[in-house]
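Notes for the structure review
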Amino acid sequence: MFESKGLIIDKEKKRFKKYVSFLFFKIGEWKPLRKFTFVAVTTVMGAQTLNNPSLPMMSVGSSTLKVRLFCVYLCVDRNRKILVMKSKVKQEALTLAQGISDYLNIDLVNYIKE
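So, a few notes on the structure that sits alongside this text. Since this is a predicted model, take the numbers as computed values, not measurements.

**As for the nonpolar core**
- F36, V41, V72, L74, I100 and L104 are the most contacted members of the largest nonpolar core, which totals 20 residues.
- Among the elements of the structure, β5 (38–52), β6 (61–75), β7 (81–87) and α1 (90–104) are those that each provide at least two residues to this core.
- Broken down by element, this core gets its largest block of residues, five residues, from α1.

Here it is in structure tokens:
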């Protein structure tokens, strides 16, 4: 697939951008880099629908599964936060959160319950 998502943080100009990349274009809007105090990792339950093609002349069946998603947030405080990423892979979320924490020199709070 030719699409990806990401985050760019520009400390010099004090701004950030969540983007969707299609081929070589990164589409997203620059937003001011507020005084974020920590980056948080948490989990939410999501849903994924699976379509099951059946025999010709019969209806198509589908089923919905619950999926655990790992979310990374940039936080001003516990109530003001910006979603940076959702992932089905725990280590991917933790690695991104640690990188943001190190780059912005802010705390990392892990709310994931094992």
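**Digging into a nonpolar patch on the surface**
- The grouping of F22, L23, F24, F25 and I27 at the surface amounts to a nonpolar patch, some 650 Å² of accessible area in total.
- Positionally, F24 belongs in the loop between β2 (15–22) and β3 (25–27).
- Under the relative-accessibility criterion, F24 is labelled exposed at 81%.

**Here's the deal with the packing of aromatic side chains**
- Across all of its chains, the model carries one aromatic pair by this definition.
- Seen in terms of ring centroids, F16 and F36 are 6.0 Å apart; in terms of plane orientation they differ by 75 degrees. Their pairing is edge-to-face. In this pair, F16 sits in strand β2 while F36 sits in the loop between β4 (30–32) and β5, placing the two residues 20 residues apart along the sequence.
- Under the relative-accessibility criterion, F16 is labelled buried at 3%.
- In this structure F36 comes out as buried when scored by relative accessible area, which is 5%.
- Residue placement shows K11 over the ring face of Y103; its charged tip is 4.5 Å from the ring centre.

**Concerning the pattern of salt bridges**
- According to the stated counting rule, one finds two salt bridges in the structure shown.
- Of the charged contacts, one joins D10 and R15 as a salt bridge, the two residues approaching to 3.5 Å between their closest N and O atoms.
- Its relative accessible area of 17% is what places D10 among the buried residues.

**Section: the environment of I9**
- Checked against the element boundaries, I9 lands in strand β1 (residues 3–10).
- Once the C-alpha coordinates of I9 and Y103 are considered, the two residues, 94 residues apart in sequence, prove to be 9.0 Å apart.
- Dropping the residues within four chain positions of it, I9 is found in contact with R15, F16, L33, I100, Y103 and L104.

**So, the pairing of β2**
- For β2 and β4, the ladder comprises three bridges, and the chain directions are antiparallel. Each bridged residue has a counterpart across the sheet, and for F16 the counterpart in β4 is K31.
- By the bridge criterion, three bridges tie β2 to β3 in an arrangement that is antiparallel. Residue pairing across strands places S21 opposite K26, the latter belonging to β3.

The rules behind these values
- Residues numbered from 1 in each chain as written.
- Predicted model: local features only at pLDDT ≥ 70, side-chain atom pairs only at ≥ 80, totals over all residues.
- Heavy atoms only, no water.
- Core = buried A, V, L, I, M, F, W, Y, C linked by side-chain atoms within 4.5 Å.
- Buried < 20%, exposed > 50% of the residue type's maximum accessible area, 1.4 Å probe, protein only.
- Helix = DSSP H or I, 4+ residues; strand = E, 2+ residues; numbered from the N terminus.
- Patch = residues over 30% accessible without salt bridge, like charges linked within 9 Å, V, L, I, M, F, W, Y side chains within 5 Å.
- Areas by Shrake-Rupley, 256 points an atom, 1.4 Å probe, with all protein chains shown as cover.
- Salt bridge = Lys/Arg side-chain N within 4 Å of Asp/Glu carboxyl O.
- Phe/Tyr/Trp six-rings, centres within 6.5 Å; stacked < 30°, edge-to-face > 60°.
- Lys NZ or Arg CZ within 6 Å of the ring centre and 35° of its normal.
- Contact = heavy atoms within 4.5 Å.
- Pairing = 2+ DSSP bridges.

None of the figures reported here should be taken as evidence of function without further support.
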